[in-house]
Amino acid sequence: MSGRSTSSSSELLRAHCAAIAKEEAVLREGGGKAGHERQRKMGRLPVRERLGLLLDKDSSFFEIGLWAAYKMYEQWGKIPAAGVIAGIGNVEGVPCMIIANDATVKAGAFFPQTAKKVIRAQRVAFECSLPIVYLVDSAGVFLPMQDEIFPDEDDFGRIFRNNSVISAAGIPQFAAIMGNCVAGGAYLPVLCDKILMTKGSGLYLAGPSLVKAAIGQIVDAEELGGAQMHAEVSGTVDFYEKDDASCLKRLRSLIALLPEAKESKTSQPQKKTAKPAKGPDAVYDLISFDGQKLYDVRDLLASVVDGNSIDESKADYGKTIVTAYARIDGRGVGIVANQRLQVRTKKEGIQMGGVIYSDSADKAARFVMDCNQTSLPIIFFQDVTGFMVGRDSEESGIIRSGAKLVNAVSNSVVPKITVVVGGSFGAGNYAMCGKAYDPRFIVAWPTARYAVMGAAQASDTVFSILARARERGDKKTTHEELEELRAKVKQSYEEQTDIRYGAARGWVDAIIQPHETRDVLLQLLQYVSRPTPKGNFHTGVIQV
C-alpha cells in the first residue's frame, strides 16, 4: 500500500472515531437543556452534576452502556443511554459502581434496555466486588412497554433479586432517593444497606392517583410517601437530607467509613513506570476503517502491553491466533489475539488471517487452560471472521477443536476482558469470549462489526436458498425480485453489523477510542483483580 493511501486510510479511521466521540458527547447530555431546567425548577440537580459531587475530583469514570437503547424505541422518541447512567469511579478512594437514573429522559422511566443495563452493572459490581451506589430518580416501568420490562429473568424484577444476592455476598449497597421512587422500584432502596432521601422526594408502592383508583383513598404525595413521613413515621429512611448537595456529601461520608477507604488513604499510588514499545496512536496506521487491511496483531499489542514484556507461546504453531504472556504496567496477563496476516504453515500451507483453524483453536484452548492454572487474567483481542470451513477443515476436526476452545473459555474461572477491534463474526465471537461467555468487561473500537456472517455472504446465502426454491416451483419469484431481496438483506446486515447497533443492545459495555486501549485496560485490570468478600453477615430468621 502506498504512503498516500495509508495516510488517507488512517485519516478516514480517525474521522470515524472522532464522529463516534462527538455522538457520545450528545448522549451524555441526556434529555438536553429543557430537561436540565425542569430538574432545577424542582430543586434537583441533573444526573451528571450529581456524579460530579459524588465522585473524587481526580477520579476517572468508566462508563458502561452509554449507547444503550440507541435508535431502539424511536416510536417513543429518543431515549439517550436508556435513561440511566452506570459506571465505575472512585468515592473517597474506593472504586464504586454508580447506577443513577436520568430524570431528564422520560422522567427516568425504565425501558427494556434500562433494566438490562442496570442488571449488567450489578453483575459487574458483584463479580468485581465493588460497592454499589444507586442514585434513584425514576417514574418506574414505562407502562406502554410493560410486557417487555416487567416479568422475565433479565427484566425489572431481576434487579431486586440481585440487590438481595449482592447484600448476602457482603458487598455494600447505598441508595439515595433524589426524586421519584415508585411502584416495584420502591423495593430497590429498601433492599440496600443504607437509605438516604431528599426533601421533596417520593417513595411509595402506588402514587396518589393509583391509590385513589384502587381503594378510593385521597392522599397527597408527601403524606403518602414523602421523605419526612419515611424518616419520622414509617422509619424506612436512615438519613433525611434537605437537598441533593447535602445527600451526596452524606454518601461520601458513609463510603469513607468502609475499611477499604482507610486503606486507600494510607497506600501511596504507584507511579507508572512501564511503557509500551509503540505509542498509542500507532494503531491508526495499522488498521483500516473497513477492516480489509491486513496487519500483524503483534504490532497492535506493542501499543498496549509493556515494552519487552511479551513471551509468545507456541509462536510457530497455530499462527492465526497469537497467544502470549505479557504485562500491562507491570501486571501479568495472558493474551489471546486473532492474527490478521496471512500465514504459512508446514502442514496446511497458506492460512488466511482472522480465521480460526484446527491448530490455532487447539493452541488457544491449551493456553486458556494454562492461564487458569497460574491464575492469570486473560485479555482477548477479537478480529475474527470465523472458523475455517470446507472439506479439508472438516476432515482436520475443526468442530472438535472449536468445541475444545469454546469449552475452555466457558469454564475459565480467571477474569476475562474482551476487546473487539474489528470483525466479530459467527462462532468466532464465541471462541474469542463474546458477551455470552462471561467476560468481566467487553469493550469495542468504533471499527468493530458484529454478525453471524458478513453482509455479502448472508445476502448470497439467502439468494441461493430462494433461487433453489424457485427452481423447485415453491415460489413464483422473478430474478429481479430475488436481486432486490438480496440487496435488502445486505443493507439490513450492514446496518446491524455497525457496533452502535450492538452497543445499543448491551453486547458490549463501551465503545472506546483505539488510542485509549491501554489506559482502559489498566483501569479494568484493577477492578477485576479485587479480592472477593471474605465473610458474610447472617442474622437467621428475624422476629417481626
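Residues numbered from 1 in each chain as written. Predicted model: local features only at pLDDT ≥ 70, side-chain atom pairs only at ≥ 80, totals over all residues. Heavy atoms only, no water.

1. A short note on the overall build of the protein chain
Thinking step 1. Per the secondary structure count, the protein chain includes 21 helices and 20 strands.
Thinking step 2. Dimensions of the protein chain, computed from the C-alpha atoms along their principal axes, are close to 80 × 70 × 50 Å.
Thinking step 3. Taken over 544 residues, the protein chain has a buried fraction of 51%.
Thinking step 4. Accessible surface, the protein chain as shown: approximately 26,000 Å² in total, 53% of it carbon and sulfur.
Thinking step 5. If the 66 positive side-chain charges of the protein chain are averaged to one point and the 63 negative ones to another, these points end up 2 Å apart. (Helix = DSSP H or I, 4+ residues; strand = E, 2+ residues; numbered from the N terminus. Buried < 20%, exposed > 50% of the residue type's maximum accessible area, 1.4 Å probe, protein only. Areas by Shrake-Rupley, 256 points an atom, 1.4 Å probe, with all protein chains shown as cover. Lys, Arg positive; Asp, Glu negative; His and termini not counted. Charge placed at Lys NZ, Arg CZ, Asp CG, Glu CD.)

2. Regarding the state of the cysteines
Thinking step 1. A complete count under the given rule lists zero disulfides for this structure.
Thinking step 2. Its sulfur unpaired, Cys128 is 13 Å from the next cysteine sulfur, which belongs to Cys96.
Thinking step 3. With no disulfide of its own, Cys192 lies 9.7 Å from the sulfur of Cys181, the closest cysteine sulfur.
Thinking step 4. Overall, the relative accessible area of 8% leaves Cys192 in the buried class. (Disulfide = S-S within 2.5 Å.)

3. What about the layout of surface pockets?
Empty space among the atoms can be located by rolling a probe the size of a water molecule over them.
Thinking step 1. Space inside the second largest pocket adds up to approximately 920 Å³.
Thinking step 2. What lines the second largest pocket is a set of 36 residues, among which Gln292, Thr385, Phe425, Arg449 and Gly454 lie closest to the centre.
Thinking step 3. Secondary structure elements with two or more residues in the lining of the second largest pocket: strand E15 (378-384), strand E16 (386-387), strand E17 (416-425), helix H17 (426-431), helix H18 (455-472) and helix H19 (479-497).
Thinking step 4. When residues of the lining of the second largest pocket are assigned to their parent elements, the largest contribution, three residues, is made by H19. (1 Å grid on protein atoms, 1.4 Å probe; cavity = no way out; pocket = protein on both sides within 12 Å on 5 of 7 lines; lining within 4 Å. Points joined across faces, edges and corners; volume = space filled by probe spheres on them.)

4. Points about the packing of aromatic side chains
Thinking step 1. Taken as a whole and assessed by the stated rule, the structure comprises 13 aromatic pairs.
Thinking step 2. Ring geometry for Phe441 versus Tyr527: centroids 6.4 Å apart, planes at 50°, classification tilted. Remark: Tyr527 occurs in helix H21 (residues 517-528) and Phe441 occurs in strand E18 (residues 441-444); sequence separation between them is 86 residues. The same class applies to Phe441 as to Tyr527, namely buried.
Thinking step 3. An aromatic cluster of three or more residues is present, and its members are Tyr73, Trp76, Phe111 and Phe142.
Thinking step 4. Positioned above the aromatic ring of Tyr501 is the side chain of Arg505, whose terminal nitrogen or guanidinium carbon lies 3.5 Å from the ring centre. (Phe/Tyr/Trp six-rings, centres within 6.5 Å; stacked < 30°, edge-to-face > 60°. Lys NZ or Arg CZ within 6 Å of the ring centre and 35° of its normal.)

5. Some points on empty space enclosed by the protein
Thinking step 1. For the structure on display, the rule yields four cavities of 30 Å³ or more.
Thinking step 2. Its volume calculated, the largest cavity comes out at about 150 Å³.
Thinking step 3. In this structure, the largest cavity is lined by 17 residues; those nearest its centre are Asn101, Phe110, Val136, Ser138 and Leu188.
Thinking step 4. Looking at the lining of the largest cavity, the elements that each hand over two or more residues are strand E3 (94-101), strand E4 (132-138), helix H5 (156-168) and strand E5 (173-182).
Thinking step 5. Sorting elements by how many residues they give to the lining of the largest cavity places E4 first, with four residues.
Thinking step 6. Of the residues in the lining of the largest cavity, the class split is 13 nonpolar, four polar and no charged.
Thinking step 7. In this structure, the second largest cavity occupies an estimated 50 Å³ of space.
Thinking step 8. If you trace the second largest cavity, you find it lined by Ile287, Ser288, Gly291, Lys293, Tyr295, Arg340, Asp383, Val421, Gly422 and Thr447.
Thinking step 9. Residues of the lining of the second largest cavity, tallied by class, amount to three nonpolar, four polar and three charged. (Nonpolar A, V, L, I, M, F, W, Y, C, P; charged D, E, K, R; others polar.)

6. A few points about a nonpolar patch on the surface
Thinking step 1. Side chains of Tyr187, Leu191 and Leu205 sit close together on the surface and give an oily, nonpolar patch of about 290 Å² of accessible area.
Thinking step 2. You can see Leu191 is positioned in the loop between helix H6 (187-190) and strand E6 (194-198). (Patch = residues over 30% accessible without salt bridge, like charges linked within 9 Å, V, L, I, M, F, W, Y side chains within 5 Å. Salt bridge = Lys/Arg side-chain N within 4 Å of Asp/Glu carboxyl O.)

7. A closer look at the packing of helix H3 (residues 47-54) against helix H10 (residues 244-255)
Thinking step 1. Direction vectors running N to C along H3 and H10 enclose 40°, while the axes themselves pass 9 Å from each other. Judged on the interaxial angle alone, H10 and H3 are oblique. Once H3 is placed against H10, the crossing between them reads as right-handed. For the pair H3 and H10, the contacting residues are Arg50, Leu53 and Leu54 in the first and Asp244, Ala245, Leu248, Leu251 and Arg252 in the second.
Thinking step 2. Among the residues forming the contact of H3 with H10, the class breakdown is five nonpolar, no polar and three charged. (Axes fitted to C-alpha atoms, helices over the stretch in contact; angles between N-to-C directions. Parallel < 35°, antiparallel > 145°, perpendicular 65-115°, else oblique. Left-handed = near helix turned anticlockwise from the far one by under 90°. Contact = heavy atoms within 4.5 Å.)

8. Focus on the packing of helix H14 (residues 358-373) against helix H16 (residues 398-411)
Thinking step 1. Look at H14 against H16: their axes get within 8 Å of each other, and the N-to-C directions meet at 20°. In terms of axis orientation, H14 runs roughly parallel to H16. Relative to H16, the crossing made by H14 is left-handed. Between H14 and H16, the residues in contact are Ser358, Ala361, Asp362, Ala364, Ala365, Val368 and Met369 and Ile398, Ser401, Gly402, Lys404, Leu405, Ala408 and Val409, respectively.
Thinking step 2. Split into classes, the residues belonging to the contact of H14 with H16 amount to nine nonpolar, three polar and two charged.

9. Topic: the pattern of salt bridges
Thinking step 1. Throughout the structure, instances matching the rule amount to 25 salt bridges.
Thinking step 2. Its salt-bridge partner being Arg40, residue Glu49 comes within 2.4 Å of it at the nearest N-O pair.
Thinking step 3. Under the relative-accessibility criterion, Glu49 is labelled partly exposed at 34%.
Thinking step 4. The closest approach of N and O atoms between Arg298 and Asp296, which form a salt bridge, is 3.2 Å.
Thinking step 5. Sharing partners across several salt bridges, the network here consists of Glu24, Arg28, Arg48 and Glu63.

10. Thoughts on the pairing of E18
Thinking step 1. Neither face of E18 is open: one carries Phe441 and Val443, the other Ile442 and Ala444, and all of them are buried.
Thinking step 2. Here E17 runs beside E18; their pairing, made up of four bridges, is parallel. Each bridged residue has a counterpart across the sheet, and for Ile417 the counterpart in E18 is Phe441.
Thinking step 3. In this fold, E17 hands off to H17, which returns the chain to E18; that crossover is right-handed. (Pairing = 2+ DSSP bridges. Right-handed = clockwise from strand over helix to strand, strands pointing away.)

11. Some details on the side chain of Asp383
Thinking step 1. Inspection of the secondary structure puts Asp383 in strand E15.
Thinking step 2. Polar side-chain contacts of Asp383 include one of 2.7 Å to the side chain of Tyr295.
Thinking step 3. Looking at Asp383, its side chain comes within polar contact range of the main-chain nitrogen of Gly423, at 2.9 Å.
Thinking step 4. Every residue in contact with Asp383, bar those within four places of it in the chain, is listed here: Tyr295, Asn338, Arg340, Gly354, Val421, Gly422 and Gly423. (Polar contact = N/O pair within 3.5 Å; in protein donor to acceptor, adjacent residues only side chain to side chain.)

12. Describing the nonpolar core
Thinking step 1. Membership of the largest hydrophobic core comes to 82 residues, with the highest contact counts inside it found for Met97, Leu300, Ile328, Ile335, Ile379, Phe381 and Phe441.
Thinking step 2. Beyond its immediate chain neighbours, meaning those up to four positions away, Ile379 contacts Ile328, Val333, Gly334, Ile335, Val336, Ile417, Val419, Leu521 and Leu525. (Core = buried A, V, L, I, M, F, W, Y, C linked by side-chain atoms within 4.5 Å.)

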